[in-house]
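Report on the structure
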Amino acid sequence: MSRLVGVLAVLFLLSTQALAFAVHPSQPPYYGFGGPLWSSGVWYWILLLDEGSGVPLDAMSMSGALERQEPVVKLIESLGGVVVHRHWIINAVSFRAPVEVALKLAGMGYTIVPSELYELQAFISSLGNGLEPSDRIGVVTIGASRLHELGITGRGVRVAVLDTGVENGHPWLLRGGRSVVEWEVDATETGIVDYCGKRIGWHWGGFHGTHVAGIIAGQNPATPGVAPGSIIYDIIVFGEELSCRGAWSSDIVRGVELALLGPDGVPNSGDEADVINLSLGSTVPPWLMAAITGVVEWRLLDPLVEALKRAAAMGKFVVVAAGNWAGHMTINRLCGAPGVICVGSSHQRGTDDRGDDRLSLFSSRGPMPWFDVAPTLVAPGERIYSTIPTALARELRLPQPARELSGTSMAAPHVSGSIALLLELYRRQGRPLTPEGAARLLVNSATTIEASEGGHLAGPMEAGAGLLNVYDAAFPELLVEVDGSYRSSKVAYGDRVDFTLTIANVADRTVRSSIRVWLDDTFRPGREGFEDAVSVDPGRTVEVPPQGRVTVTVSVDASRLAPGLYGGYVDVVAGGRSYRVVVSILVPAKPRVEGFHLRAEVPEVTVGRFSGRYWAFLDWAMAAFYVEKPLGEQAVVRVEANIPLGLPSLKVFNAKTGGLVSLGQSGYILGQPGLYVVLLELTESIYWWRLGFSYTVEVNVYLEAPLFESFAREALANITRLQLALLELSSRLSSLEARVSSLEARV
């Protein structure tokens, strides 16, 4: 059955996947959906062997995997398919063929999944109208400039940019007369040189990749990159077949493999990439994200997510853009790979003062299904002024070979560059740095940022740990963990939730600290604080001895919180700065008896956000119910909204199995005890109605079930128990009578 999942999912994929880019009038014809490629009936596919488990990173294992793929390669070619890549990070073969060939292979028992389209996470916010100032690369905002002053520039650290390609000879990417790009490779294997589109005169094709490279390693003194001493590996994964606007997941997987091999193509030879930057992505509905990330029992195998998971497990620092879909539960599916750092976007608002920064409106929000914190953190990504192809600058008659670009695509390289700085520092000190360790340093040092709407703070499900501060990450006195990591997510099945906070002192002096906890109600914007629901044992003031560690328990009284999802910051404040970990708590509504019904309510859930200027079109909200006993009756899940036109659509899922219970507002059989989630989505009619009236849609979500059948079953069970008890009593009486008769006979 699992072997057919990929092909059966094609119908959904092909009906919903779309690319959304800013389009320039002179662009070449688009060859995606509706173009010559799709109309020809040909698509790209990935055949997974051993469920795509991959092989160890050594030459012998890789050679053996490729040898075992030979029969499959010959089979694909015999059916008329064209093999594109042979993978080893996942044991798979990518090929191009009509749908009929993929279906035939699936019928032979092979696992086939479509090679999916990924899009750039950036857009042009203006065409230089001068109404809004561009922001320079955020080296001052994130504290990178202070590390530059100490001589820490990311020197020698290799950052692989998997993108549209980089103009190697760009004057702002020359260091001592040589390009910061030390290796260029075309993962699409279509002969692209320098950047996508250059050979056909389409210089917009190199805009994105060149811009990202400039944020990482730019050399212009007026707008330097975050890690100007770093080395760029230019790995081209966007091809002209898709107008340099889309990338096949099979090409991206190949790009990851190339980054792990390095220029010599030999594993573990020392020239491999240290950091992998992916300013690209795709979003899927929350229930599919749950299947991809493995939080539910049924799995949807995503080859690229698996490849990134393996790269992170190999010790590579994988940085991914969170996405530009603006709404809740729209995080880039690649952020579901364990070990990656997922980066949202902030707006510097024309200054270097991090205190006035805001979350970018377009930045995708969490949670990741069902209640995990996402993104990891945010970094400057709005109206960032960086390098673009010089030929394009001439076409646009720009005074400099640079332009502003916005998106989480721009935020991710701020983090990649920051990791390069930390790696150089740790190498100087002779200390190892792991991906988990780097993520902990970045989260520990992040600070709270204002929400994009203004007027309240952005919580963990919007901004992750907050705004990047690489200088503080480089020089901590304390290292803080919660439940053994930098984040922890729990469900409040009872009235109390406990988090174990570990504070380690890496300084040579005693550090006195205080603990501060702040909670945010994810789907009720502006409701924050909740200090009265939090307690700390043994207390909020902690002294940590030199090179020692202290453990405390942070407890949240869930009975003081309305049913909903809460993100939280636990800050250990010491020495004029804070050390942060991130938590989330899901408080499900629990049905209670009201008359002849069971009833539970999740009140005032916000679906869709209005910033004062813009609406978030793609936005999900979530309510959760915990059912202690199965509901065999026809339960009703219904919503009441504060608008006169229509209601959000809803879907109910079993949070453990991932099974869809029903699509309507009635007829649910919650046949298993456990957690159920209700996903709410704006309908198109509500969206367009809101445009005229500036409403934020609030709904109350109810779960109701009649108790008549329950009462009848309980009564029948009681009668049955009583009958059994009477039978047992009668048996005992009969036995007693027999004994009395026996005694009387003896007398």
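One can find the structure itself at the top, above this paragraph.
First things first, this report covers the structure right here in the doc.

Cut-offs used in this document
Residue numbers here run from 1 along each chain, matching the order of that chain's written sequence. The predicted nature of this model means local features are confined to residues of pLDDT at least 70 and side-chain atom pairs, given and counted, to a pLDDT of 80 or more, with totals for whole chains, interfaces and linings taken over all residues. The basis for every side-chain value is the complete set of heavy atoms in the structure, and neither hydrogens nor water enter the calculation. Under the scheme used here, helices are H or I runs from DSSP no shorter than 4 residues and strands are E runs no shorter than 2 residues, and both carry numbers assigned from the N terminus. Note on classification: 1.4 Å probe, protein chains only; a residue is buried when its accessible area is under 20% of the maximum for its type, exposed when over 50%, partly exposed between these limits. Contacts are residue-level and defined by heavy atoms, with any inter-residue pair within 4.5 Å sufficient. Only the protein chains shown count as cover for residues, and all accessible areas are computed by the Shrake-Rupley method using a 1.4 Å probe. Between N-to-C directions, angles span 0 to 180 degrees; the directions come from axes that are lines fitted to C-alpha atoms, helices contributing only their stretch in contact. Left-handed describes a crossing whose near helix is turned anticlockwise from the far helix through less than a right angle; right-handed describes the clockwise counterpart. Residue classes follow a fixed rule: Ala, Val, Leu, Ile, Met, Phe, Trp, Tyr, Cys and Pro count as nonpolar, while Asp, Glu, Lys and Arg count as charged, and any other residue, Gly among them, counts as polar. The patches described consist of residues with a relative accessible area above 30% and no salt bridge, like charges being joined within 9 Å and nonpolar side chains (Val, Leu, Ile, Met, Phe, Trp, Tyr) within 5 Å. The rule for a salt bridge is simple: a side-chain nitrogen of Lys or Arg has to be within 4 Å of a carboxyl oxygen of Asp or Glu. Among the buried residues, those of types Ala, Val, Leu, Ile, Met, Phe, Trp, Tyr and Cys that are joined through side-chain atoms within 4.5 Å form a nonpolar core. A pair of sulfur atoms, both from cysteines and within 2.5 Å, is called a disulfide here. Strand pairing is assigned whenever DSSP identifies at least 2 bridges connecting the two strands. Classification of ring pairs rests on two measures: the distance between centres of Phe, Tyr or Trp rings, Trp counted by its six-membered ring, which must be within 6.5 Å, and the angle between planes, read as stacked under 30 degrees, edge-to-face over 60 and tilted in between. A ring is considered to have a charge above it if a Lys NZ or an Arg CZ atom is located within 6 Å of its centre and within 35 degrees of its normal.

It is worth spelling out the overall build of the chain at this point. When you go through the chain residue by residue, the secondary structure sums to 18 helices and 39 strands. Counting across all 747 residues of the chain, residues that qualify as buried make up 59%. Long-range pairs, those at least 24 residues apart, make up 78% of the contacts in the chain with a sequence separation of at least 6. For the chain, the computed accessible surface area is about 28700 Å², with 54% contributed by carbon and sulfur atoms.

Okay, the packing of helix α8 (residues 207-217) against helix α13 (residues 408-428) next. One can describe the packing of α8 onto α13 by two numbers: an axis separation of 8 Å at closest approach and a directional angle of 35°. The handedness of the crossing between α8 and α13 is right-handed. On α13, the residues that touch H208, H211, V212, I215 and I216 of α8 are S409, M410, P413, H414, S416 and G417. Of the residues assigned to the contact of α8 with α13, the class counts are 5 nonpolar, 6 polar and no charged.

This part covers a nonpolar patch on the surface. Together, L722, L726, L729, L733, L736 and V740 make up an exposed nonpolar region whose accessible area comes to about 540 Å². L722 sits in the exposed class, given a relative accessible area of 51%.

Counting 176 residues, the largest nonpolar core has I235, L308, W370, V415, L680 and V701 as its most contacted members. Looking at this core element by element, the count peaks at 11 residues for α13. Other than its neighbours up to four places away in sequence, L680 contacts V605, V607, D619, W620, A621, V639, P648, S649, L650, V699 and V701. Counting 32 residues, the second-largest nonpolar core is a separate cluster that includes L478, V511, V517 and V550.

What follows concerns the state of the cysteines. In total, this model carries 2 disulfides according to the counting rule given. The disulfide that involves C196 links it to C244, with 2.1 Å between the sulfurs. An S-S torsion of about -85° defines the bridge between C196 and C244 as left-handed. Of the two residues, C196 is situated in the loop between β10 (181-186) and α8 and C244 in the loop between β11 (231-236) and β12 (246-248); the sequence distance between them amounts to 48 residues. The class of C244 is buried, set by a relative accessible area of 4%. One disulfide bridge connects C335 with C342, the sulfur atoms lying 2.2 Å from each other. Handedness of the C335-C342 disulfide follows from its S-S torsion of about 75°: it is right-handed. With a relative accessible area of 3%, C342 lands in the buried category. Here the bonded cysteines of the chain are numbered in sequence order, and their pairing is 1-2, 3-4.

Pairing is antiparallel in the open sheet, where 3 strands are placed in the order β12-β5-β14. At either margin of the open sheet sits one strand with a lone partner, and together these are β12 and β14 (280-281). Here strand β5 (residues 117-120) runs beside β14; their pairing, made up of 2 bridges, is antiparallel. Within β14, the residue paired with E119 across the bridge is G281.

Time to look at the packing of aromatic side chains. Per the stated rule, a full pass over the model turns up 13 aromatic pairs. Between W287 and F653 the ring centres are 5.5 Å apart and the planes differ by 20°, which places this aromatic pair in the stacked class. With W287 in helix α10 (residues 286-293) and F653 in strand β35 (residues 649-654), this pair connects stretches of sequence that are 366 residues apart. Since its relative accessible area comes to 3%, F653 is described here as buried. Ring centres of W518 and Y569 lie 5.5 Å apart, and the angle between their planes is 15°; on these two criteria the pair is classed as stacked. In this pair, W518 is assigned in strand β24 (residues 511-521) and Y569 in strand β29 (residues 564-574), connecting sequence segments 51 residues apart. Each member of the aromatic cluster is reached from another via a ring pair, and the members are W287, W370, W620 and F653. It is R146 that lies over the ring of Y471; its NZ or CZ is 3.6 Å from the centre. In this structure, R638 packs its charged tip against the face of Y702, placed 4.3 Å from the ring centre.

Here the focus is the sheet that holds strand β6 (residues 135-136). Read across the sheet, 3 strands follow the order β6-β19-β20 without closing on themselves; strand pairing throughout is mixed. Where the open sheet ends on each side, the last strands, each with one partner, are β6 and β20 (402-405). By the bridge criterion, 2 bridges tie β6 to strand β19 (residues 384-387) in an arrangement that is parallel. When the sheet's bridge partners are listed, D135 is paired in β19 with I384. Its contacts with the sheet place α8 against β19 and β20, and it is angled at close to 100° to β19.

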